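So you can see what is in the structure, the chains are spelled out below.
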Amino acid sequence: MDYIQRTIDLAMKNVEAGGRPFATVIVRNGEIVAESPNLVAQTHDPTAHAEILAIRAACQKLQTENLTDCDIYILASPCPMCLGSLYYCSPRQVTYITAREDYAPYYRDDRKYFELETFYDEYKKPVAERRLPMTQHKDATAIRVYQRWKELNG
């Protein structure tokens, strides 16, 4: 099976249905384990990116949080949220089909604190210099949650 074409077809079907132009296909041992288009518009859930949904489905199906023996095909270079999820599930290989520079003339998804062209730079800034207002409220008792986890999990 041509997994790249499957990813493209899934994204195109989503666009025709009113969704956004992104899709993900996850393959293990030559079989599709999970796939999903981006469902943000349909579900009103800003985390319903194709990568996130497909990773969730694959992990549920395989009963694991690691996809180390899977290959993941995505229509576009991943946003920071999806990149983080890809690192976290640790697939064997990620193949992206289009780069931001390629699709930028046709697709924009700018939010209050998010533009594709500048978002990765936000991660490099100290917290106080980021566009998203963020403060830390330290509470000494919070560390007990992690101490307890270590007690229970070694």
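Just above sits the structure.
Everything numeric in this text was worked out from a predicted model, so none of it was measured.

Draft legend 1. Examining the layout of surface pockets more closely. A volume near 460 Å³ is recorded for the largest pocket. Surrounding the largest pocket, 27 residues form its lining, His49, Cys79, Met81, Asp109 and Phe114 being those nearest its centre. Residue assignment for the lining of the largest pocket shows that the elements contributing at least two residues are β1 (23-28), α3 (50-62), β3 (70-76), α4 (80-89) and α6 (119-124). Here the lining of the largest pocket gets three residues from one element, more than from any other, and that element is α4. Residues belonging to the lining of the largest pocket are distributed by class as follows: 18 nonpolar, five polar and four charged.

Draft legend 2. View of the environment of Arg20. By the secondary structure assignment, Arg20 is in the loop between α1 (3-16) and β1. In this structure, the C-alpha to C-alpha distance between Arg20 and Leu10, residues ten residues apart in sequence, is 11 Å. What Arg20 contacts, discounting residues up to four positions off in sequence, is Ala11, Asn14, Val15, Asn38, Val40, Ala41, Tyr107, Asp109 and Arg111.

Draft legend 3. Geometry of the sheet that holds strand β4 (residues 93-98). Within the open sheet, the four strands sit side by side as β2-β1-β3-β4. Their pairing is mixed. The open sheet terminates on both sides in strands that have one partner only, identified here as β2 (31-37) and β4. Sheet twist, expressed as the average angle between the axes of neighbouring strands with direction ignored, equals 15°. Sheet topology note: the β3/β4 ladder contains five bridges and is parallel. Bridge pairing in β4 places Ile74 opposite Tyr96.

What counts as what
Throughout this document, residue positions are counted from 1 along each chain, in the order its sequence is written. Restriction of local features to residues with pLDDT of at least 70 applies here, the model being predicted, together with a cutoff of 80 or more for giving and counting side-chain atom pairs; totals for whole chains, interfaces and linings are based on all residues. Think of the side-chain values as coming from all heavy atoms in the structure, minus any hydrogens and water. Lining residues are those with an atom within 4 Å of a point, where the points come from a 1 Å grid over the protein atoms alone and group into cavities, where a 1.4 Å probe fits but cannot get out, or pockets, open sets with protein on both sides within 12 Å along at least five of seven lines. Grid points are joined across faces, edges and corners, and a volume is the space filled by probe spheres set on the points. Note on conventions: DSSP H or I runs of at least 4 residues are helices, E runs of at least 2 residues are strands, and numbering of each starts at the N terminus. Gly falls in the polar group here, along with every residue not listed as nonpolar (Ala, Val, Leu, Ile, Met, Phe, Trp, Tyr, Cys, Pro) or charged (Asp, Glu, Lys, Arg). Contact criterion: two residues are considered in contact whenever any of their non-hydrogen atoms come within 4.5 Å of each other. By the convention used here, strands pair only if DSSP detects at least 2 bridges between them. For helices, the axis comes from a line fit to the C-alpha atoms of the stretch in contact; other axes are also lines fit to C-alpha atoms, and the angle between any two N-to-C directions lies between 0 and 180 degrees.

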